[in-house]
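Each chain, written out:
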Amino acid sequence: MDLQKAMRVSASGMAAQSTRMRVIAENLANSDSLGETPGAEPYRRKTVSFRNVLDRQLGTDTVRTSRIGTDKSALTRRYEPNHPAADGEGYVLAPNVNNLIEAMDMRQAQRSYDANINVIETSKSMITRTIDLLRS
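All values reported here derive from a predicted model rather than from experimental measurement. (Residues numbered from 1 in each chain as written. Predicted model: local features only at pLDDT ≥ 70, side-chain atom pairs only at ≥ 80, totals over all residues. Heavy atoms only, no water.)

**Student:** When you look at the overall build of the chain in this model, what are you seeing that I'm missing?
**Tutor:** When you go through the chain residue by residue, the secondary structure sums to two helices and four strands. Secondary structure of the chain in N-to-C order comes out as α-β-β-β-β-α. Seen through its C-alpha atoms, the chain measures out along the principal axes to roughly 80 × 25 × 15 Å. Counting only residues that meet the buried cut, the chain has 29% of its 136 residues in that class. Within the chain, residue pairs in contact and separated by at least 24 positions form 61% of the contacts whose partners lie at least 6 positions apart. For the chain, the accessible surface area stands at approximately 8800 Å², while carbon and sulfur atoms represent 50% of it. Within the chain, one finds 19 positive and 16 negative side-chain charges whose respective centroids are separated by 8 Å. (Helix = DSSP H or I, 4+ residues; strand = E, 2+ residues; numbered from the N terminus. Buried < 20%, exposed > 50% of the residue type's maximum accessible area, 1.4 Å probe, protein only. Contact = heavy atoms within 4.5 Å. Areas by Shrake-Rupley, 256 points an atom, 1.4 Å probe, with all protein chains shown as cover. Lys, Arg positive; Asp, Glu negative; His and termini not counted. Charge placed at Lys NZ, Arg CZ, Asp CG, Glu CD.)

Now the structure itself:
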């Protein structure tokens, strides 16, 4: 694989991880978003799926965001009798967002993003060094 292909594959990885980080940030921002009326559903955690896509111009697979879905896992119940969305027993449905899981996912996405940046920087450095050698 030539250096230009490596850079484009890494750029597609960066775009996918950027989408993933945006969705994680949205999950964290809405981790306390409750419904407004009794029985109303609160915010549901979003998930990102990836897929390989053959880039015919490059002749190799690249990664793309396949879809942004909704996590269908169970919502939790919180006792907040004074909340407008509380049921007759004083419980409110709470989002299915676990801040610890989101933080770990964010860290993993950040590391993957950084690894792709390193590939691009290394490829760029190699191209620059090759040009410098050819000038000499």
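**Student:** Got a minute to help me understand the environment of Gly 59 in this structure?
**Tutor:** In this structure, Gly 59 sits in the loop between strand S1 (46-55) and strand S2 (60-70). Taking the relative accessible area as the measure of exposure, Gly 59 reaches 56% and is therefore exposed. Taking the C-alpha atoms as reference, Gly 59 lies 8.7 Å from Lys 5; in sequence the two are 54 residues apart.

**Student:** Looking at this model, I keep getting lost on the side chain of Ser 10. Mind explaining?
**Tutor:** Looking at the secondary structure, you find Ser 10 in helix H1 (residues 3-29). Excluding residues that lie within four positions of it along the chain, Ser 10 makes contacts with Asn 116, Val 119 and Ile 120.

**Student:** For this particular structure, what's the right way to read the side chain of Thr 62?
**Tutor:** Relative to the assigned elements, Thr 62 resides in strand S2. For Thr 62, a relative accessible area of 3% corresponds to the buried category. Within the structure, Thr 62 has its side chain in polar contact with the side chain of Arg 64 (distance 3.3 Å). The contacts of Thr 62, once residues within four sequence positions are left out, are Val 9, Ser 12, Arg 51, Asn 52, Val 53 and Asp 55. (Polar contact = N/O pair within 3.5 Å; in protein donor to acceptor, adjacent residues only side chain to side chain.)

**Student:** Whenever I open this one, the nonpolar core confuses me. Can you help?
**Tutor:** Note on soluble globular proteins: their nonpolar side chains tend to be buried together. Counting five residues, the largest nonpolar core consists of Leu 34, Ala 85, Ala 86, Val 92 and Ala 94. With near-sequence residues (within four places) excluded, Val 92 lies in contact with Leu 34, Thr 76, Arg 77, Arg 78, Glu 80, His 83, Ala 85 and Ala 86. (Core = buried A, V, L, I, M, F, W, Y, C linked by side-chain atoms within 4.5 Å.)

**Student:** How should helix H2 (residues 99-135) be read in this particular structure?
**Tutor:** Count 3.6 residues to each turn of an α-helix, and residues three or four apart come out pointing the same way. For H2, which comprises 37 residues, the first-to-last C-alpha distance of 54 Å matches the rise-based estimate of 54 Å (1.5 Å per residue) to within 8%. All buried positions along H2 are accounted for by Glu 102, Ala 109, Asn 116 and Ser 123. Tucked inside the fold, the buried residues of H2 contact H1. The backbone nitrogen of Leu 100 lies 2.9 Å from a side-chain oxygen of the residue at the head of H2, namely Asn 98. (Expected span 1.5 Å × (residues − 1).)

**Student:** Can you help me understand H1 in this one?
**Tutor:** Its 27 residues give H1 an end-to-end C-alpha distance of 38 Å, which sits within 8% of 39 Å, the value for a rise of 1.5 Å per residue. Measuring from the side-chain oxygen of the N-cap residue of H1 to the backbone nitrogen of Gln 4 gives 3.3 Å; that N-cap residue is Asp 2.

**Student:** Just to check I follow, could you spell out the packing of aromatic side chains for this structure?
**Tutor:** Two measures describe an aromatic ring pair: the distance that separates the ring centres and the angle between the ring planes. For the coordinates displayed, the defined rule picks out one aromatic pair. Here Tyr 79 and Tyr 91 contribute two aromatic rings whose centre-to-centre distance is 5.4 Å and whose plane-to-plane angle is 65°, an arrangement assigned as edge-to-face. Residue Tyr 79 is found in strand S3 (residues 76-79), and its partner Tyr 91 is found in strand S4 (residues 91-94); the two are separated by twelve residues along the sequence. What makes Tyr 79 exposed here is its relative accessible area of 53%. Over the aromatic face of Tyr 91 sits the side chain of Arg 77, whose NZ or CZ is 4.3 Å from the ring centroid. (Phe/Tyr/Trp six-rings, centres within 6.5 Å; stacked < 30°, edge-to-face > 60°. Lys NZ or Arg CZ within 6 Å of the ring centre and 35° of its normal.)

Any functional reading would require information that these geometric values do not contain.
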